[in-house]
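# Results of the structural survey
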Amino acid sequence: MGKGGRHAYAAVSLLAAGALVLTGCSEGGSEGTGDKNKQDQENAQRQQAGIEFGDEKASTGPAAEVAGAKPGGTITVMQRDSFAHLDPGQIYVSDEMALSQLIHRGLTGYKATSDDGKEHEVVGDLATDSGTTEDGGKTWKYTLKDGIKWADGSPITAKDVRHTFERLFAPFISNGPTFIQQWLADTPGTAYRKLLKDGPYKGKHLPDSIIETPDDKTILFKFKTAKPDLPYALAMAGYSIVSEENDTKQKYDKEPMTAGPYKIEEFKSGKSMKLVKNTNWDPKTDPIRHQYVDTFNFQFNKQYEDSTKAILDDSGANATAISFSNQVDAGNLSKVLRDKSLDKRRVSGYQPYVGQINVNLSHKEMQDKTVREAIAYALPITPFVRAYGGNDAMEVAGGLISPTVTGYDPSFDPFGKKKKPAGDPEKAKALLEKAGKTGLKLTFGYINTPEGQQYSTAMAAGLEKAGFDVQRQEIPAETYYDQISKVDNNFDIYHTAWGADWPSASTVIPPLYDGRQIQDGAANYSHIDDPKVNADIDKASTITDPVKAAEAWNAINEYIVKDVVSNIPTAYYKQTQIAGSKIGGLVYDDVIGGVDPRRLFVK
């Protein structure tokens, strides 16, 4: 999942641009800490497990009823960031992925098979099942369900599906996932665009030998090598289906045609959004979602502290308030976790995100490895963890693979961050002197939120102790990832977070560290283009044994952190969220990495 987090499994691979998300900082009261740490570990290990593919029966709607649910009412959703992208092809950030659960649909999706958000199955969403293959994954067949419609009442057909995947090759689509495009083109990196340079907009199409739609109901994906993970990939928000008739290209990003249980009645970017029921959504076709709530009213620019205080207030409209992405702020986190009266209004979980400071290798001064090592040793992690709530919110990271992903090694910590989370300025200072770069200017791009201001100020101070001249430069939260994902950006270092798109490091290492992925909007934020990394990615991608594959991906992770030093791990994320007392159906969903908006209702 994704960015800052991009997220896991349904990027849901995910996410967190919203959430830019052990130290010596105390969190007030250690009661129950041992049990909580054990629970965190079990939570992380559970998410390493694969998720099974469902058949036609499992893919049949309607979704199982939520206990006690009733229709009606309005829910207020308090969000820190507005939505930069609504076009599925541009969605790869966790807050937008959460929204997409209500408005978009794909060929497949993740169905919760337990009421606690811990068990899931990949099922057919618009398709009749999760997909069938008779040749080990080279050819996949999907059949569309009867009665599926767009919000305007027109039918969803195989032409829409073909158009959805062809438009992903167009130049203006640059922020979403690229797995399936690369698989169809049988090439890594950005070279996939050559397959259909302008997308379908100049009359050209992908040949039937790659994607075939013999009738209005049938779609055939044809790959040169087996792609057994296709049902996972198709479940990502970034591969939700787009209406061919209503495709307005770049404008679609603000006014998309929707197919989920809700449609957008009004969107004032940076201010508010209103979702109302889509009367052309048929629950009989949907095994995943519900449509209990009449209206979702989104309010943007609500910082973590703002939304936490409002929801804790629990009076008037605050009793039916929630946030899909905002976590409990650092100042209230310890209190919220230990207040028994909030047990039914609080959910917590281990997210798949790994935070990291990216060193911009496109800048000449950053190409000196000794300078990068100095940054790595000097960088204090304590301020970052403290800004989000300390041990209850995060765990200091040693590597780039999350505890929720197979292959995670808790002992890997080449720069000693777990032992010295405040950094090692003396060692860093010696390295900087060795490089002859004492006083080197570092432009630190940071997200302009209270948390970003707090951690960047303290991190900058730690770097300055080592002899760097740090210039902090704020970046608006709504466009943070858009700005740092530009190849020619002005920043030397900046923080991001990424979560696996499904429980495999194959959805972490290639998107972030393959030098052939470098392009505006792509997730290779450090612009690393290392021949060994690229070659090792190609080798690891061919390994079918999951244990050996995990070992290969972890070896690449260790080489990047220890030998390339382009990405400095900061923390593994956890998340605690709260809701008003009149919110029903509250569950933390492992796949979404937060509150499951599909099952909410007003009591």
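Here, every reference points to the structure presented above.
Residues numbered from 1 in each chain as written. Predicted model: local features only at pLDDT ≥ 70, side-chain atom pairs only at ≥ 80, totals over all residues. Heavy atoms only, no water.

## Side note on the overall build of the protein
Counting secondary structure elements, the protein contains 15 helices and 22 strands. Radius of gyration (C-alpha) of the protein: 23 Å, near the 25 Å computed for a compact globule of 603 residues. Structurally, the protein occupies a C-alpha span of about 70 × 55 × 40 Å along its principal axes. For the protein, the residues scored as buried account for 64% of the 603 residues in total. Put simply, the protein shows about 21800 Å² of open surface, and 47% of that area lies on carbon and sulfur atoms. (Helix = DSSP H or I, 4+ residues; strand = E, 2+ residues; numbered from the N terminus. Rg over C-alpha atoms; globule rule 2.2 N^0.38 Å. Buried < 20%, exposed > 50% of the residue type's maximum accessible area, 1.4 Å probe, protein only. Areas by Shrake-Rupley, 256 points an atom, 1.4 Å probe, with all protein chains shown as cover.)

## Remarks on unusual backbone geometry
The linkage connecting Gly-61 with the following residue, Pro-62, adopts the cis geometry, with an omega of 0 degrees. With respect to the helices and strands, the residue Pro-62 is situated in the loop between helix H1 (33–47) and strand S3 (74–78).

## Some details on the sheet that holds S3
Spatially, five strands are ordered S9-S10-S11-S3-S12 in an open sheet, and the strand pairing comes out mixed. The open sheet has two edge strands, strand S9 (262–268) and strand S12 (321–322), and neither has a second partner. Summarising the sheet, S3 and strand S11 (residues 295–299) pair through five bridges and their orientation is parallel. In the strand pairing of S11, Ile-75 is matched with Phe-296. Across the face of the sheet, helix H2 (residues 94–103) comes into contact with S9, strand S10 (272–277) and S11 while running at roughly 25 degrees to S10. (Pairing = 2+ DSSP bridges. Contact = heavy atoms within 4.5 Å. Axes fitted to C-alpha atoms, helices over the stretch in contact; angles between N-to-C directions.)

## Thoughts on the side chain of Ser-100
When you line up the elements, Ser-100 lands in helix H2. Residue classification places Ser-100 among the buried residues on the basis of a relative accessible area of 4%. A polar side-chain atom of Ser-100 sits 2.6 Å from the main-chain carbonyl oxygen of Met-97. Sequence-distant contacts of Ser-100, defined by excluding residues within four places in its chain, comprise Ile-91 and Ala-237. (Polar contact = N/O pair within 3.5 Å; in protein donor to acceptor, adjacent residues only side chain to side chain.)

## Quick word on the packing of helix H14 (residues 531–540) against helix H15 (residues 546–564)
Closest axis-to-axis distance for the H14/H15 pair is 9 Å, and the angle between their directions is 170 degrees. By the angle between their directions, the pair H14 and H15 is classed as roughly antiparallel. Of H15, the residues touching H14 (which contributes Lys-532, Val-533, Asp-536, Ile-537 and Ala-540) are Ala-552, Trp-553, Ile-556, Tyr-559 and Ile-560. Grouping the amino acids of the contact of H14 with H15 by side-chain chemistry returns eight nonpolar, no polar and two charged. (Parallel < 35°, antiparallel > 145°, perpendicular 65-115°, else oblique. Nonpolar A, V, L, I, M, F, W, Y, C, P; charged D, E, K, R; others polar.)

## What to know about the pattern of salt bridges
Tallied over the full model, the rule gives 27 salt bridges. Residues Glu-166 and Arg-162 are paired through a salt bridge, measuring 3.0 Å at the closest nitrogen-oxygen approach. Pair noted here: Glu-166 and Arg-162 are both in helix H3 (residues 158–167), with a separation of four residues, about one helical turn. Comparing Glu-166 with Arg-162, the two get one shared label, buried. One salt bridge connects Asp-198 with Lys-202, and the closest N-O pair in it is separated by 3.8 Å. Given the relative accessible area of 29%, Asp-198 is considered partly exposed. Take Lys-202: its relative accessible area is 66%, and that puts it in the exposed class. In the salt-bridge network here, residues are joined through shared partners; they are Arg-105, Asp-125, Asp-286 and Arg-289. (Salt bridge = Lys/Arg side-chain N within 4 Å of Asp/Glu carboxyl O.)

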